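# Close look at the chain arrangement
Spelled out, the chains give:
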Amino acid sequence: MHGRAAAVLGRRIMAGPMEKLMEARLREALAPTELRIVNESHLHRGHQAMQGVASTETHFRVTVVSEAFRGKPLLARHRAVNALLGDQLKAEGGIHALALVTKTPEEAAKPSPAP
């Protein structure tokens with residue numbers, strides 16, 4: 001699913017402002033060949049840490065495939081993405097959780113190992 005929509009209870013909804021901001025920053029800085037942003041905030045609404053938080057955009061699963069990751073270890077890739085979104089990771093009511101998959105195009109083309 002592309003960053004412009006997310007699946008919630010089988011419905012498609014339009015991306016919210018946080019998702020749009022994330023997409024713009026990641027596209028501009030990393031020129032990804034693939035970018036998927038999935039808002040999973042609805043799965044965490046009842047959690048203790050989310051009590052009193054009005055935002056519906058706090059938990060995301062993001063896949064970025066980019067040449068910019070070539071030669072960089074996983075930690076450096078994640079740090080690069082976190083730096084692009086740092087202000088939102090630190091903001092009250094901003095991004096609370098960010099699950100990242102960061103690959104080069106060649107890594108993305110390889111079949112995933114069976115579980």
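Our structure is the block above this text.
This report concerns the structure included in the present document. Treat the numbers as computed from the prediction; the structure is a model and nothing was measured.

Here the focus is the overall build of the chain. A tally of regular secondary structure across the chain gives 4 helices and 5 strands. For the chain, the α and β elements follow one another from N to C terminus as β-β-α-β-β-α-α-β-α. Here the chain holds 115 residues, and the buried ones make up 36% of them. The long-range fraction of contacts in the chain, counting pairs at least 24 apart against all pairs at least 6 apart in sequence, stands at 62%.

Here the focus is the pattern of salt bridges. This structure, assessed with the given rule, holds 7 salt bridges. Linking glutamate 23 and arginine 27 is a salt bridge whose minimum nitrogen-to-oxygen distance equals 2.9 Å. Of the two residues, glutamate 23 and arginine 27 are both situated in helix α1 (residues 17-30); the distance of 4 residues between them amounts to about one turn of the helix. Owing to a relative accessible area of 31%, arginine 27 belongs among the partly exposed residues under this scheme. Salt-bridge contacts for arginine 36 lead to glutamate 34; the nearest nitrogen and oxygen are separated by 3.2 Å. Judged by relative accessible area, which is 33%, arginine 36 ranks as partly exposed. Judged by its relative accessible area of 30%, glutamate 34 falls in the partly exposed class. Within this structure, Glu67, Arg70 and Glu106 form a network of salt bridges that share partners.

With that settled, the discussion passes to the nonpolar core. By size, the foremost hydrophobic cluster in this structure holds 15 residues, and its most contacted members are Met22, Phe60, Val62, Val81 and Leu98. For this core, the secondary-structure elements that each account for two or more residues are α1, β3 (34-39), β4 (59-65) and β5 (97-103). Element by element, the count of residues in this core is highest for α1, at 4 residues. Residues in contact with valine 62, not counting those within four places in the same chain, are Met22, Leu26, Leu35, Arg36, Ile37, Leu98, Ala99, Leu100 and Val101.

A separate point is unusual backbone geometry. One non-glycine residue, alanine 31, adopts positive backbone phi at about 40°. By the element assignment, alanine 31 lies in the loop between α1 and β3. On the basis of relative accessible area, alanine 31 is assigned to the exposed category, the value being 57%.

Thresholds, definitions, all that
- Residues numbered from 1 in each chain as written.
- Predicted model: local features only at pLDDT ≥ 70, side-chain atom pairs only at ≥ 80, totals over all residues.
- Heavy atoms only, no water.
- Helix = DSSP H or I, 4+ residues; strand = E, 2+ residues; numbered from the N terminus.
- Buried < 20%, exposed > 50% of the residue type's maximum accessible area, 1.4 Å probe, protein only.
- Contact = heavy atoms within 4.5 Å.
- Salt bridge = Lys/Arg side-chain N within 4 Å of Asp/Glu carboxyl O.
- Core = buried A, V, L, I, M, F, W, Y, C linked by side-chain atoms within 4.5 Å.

Scope: geometric values only; no functional claims are made or implied.
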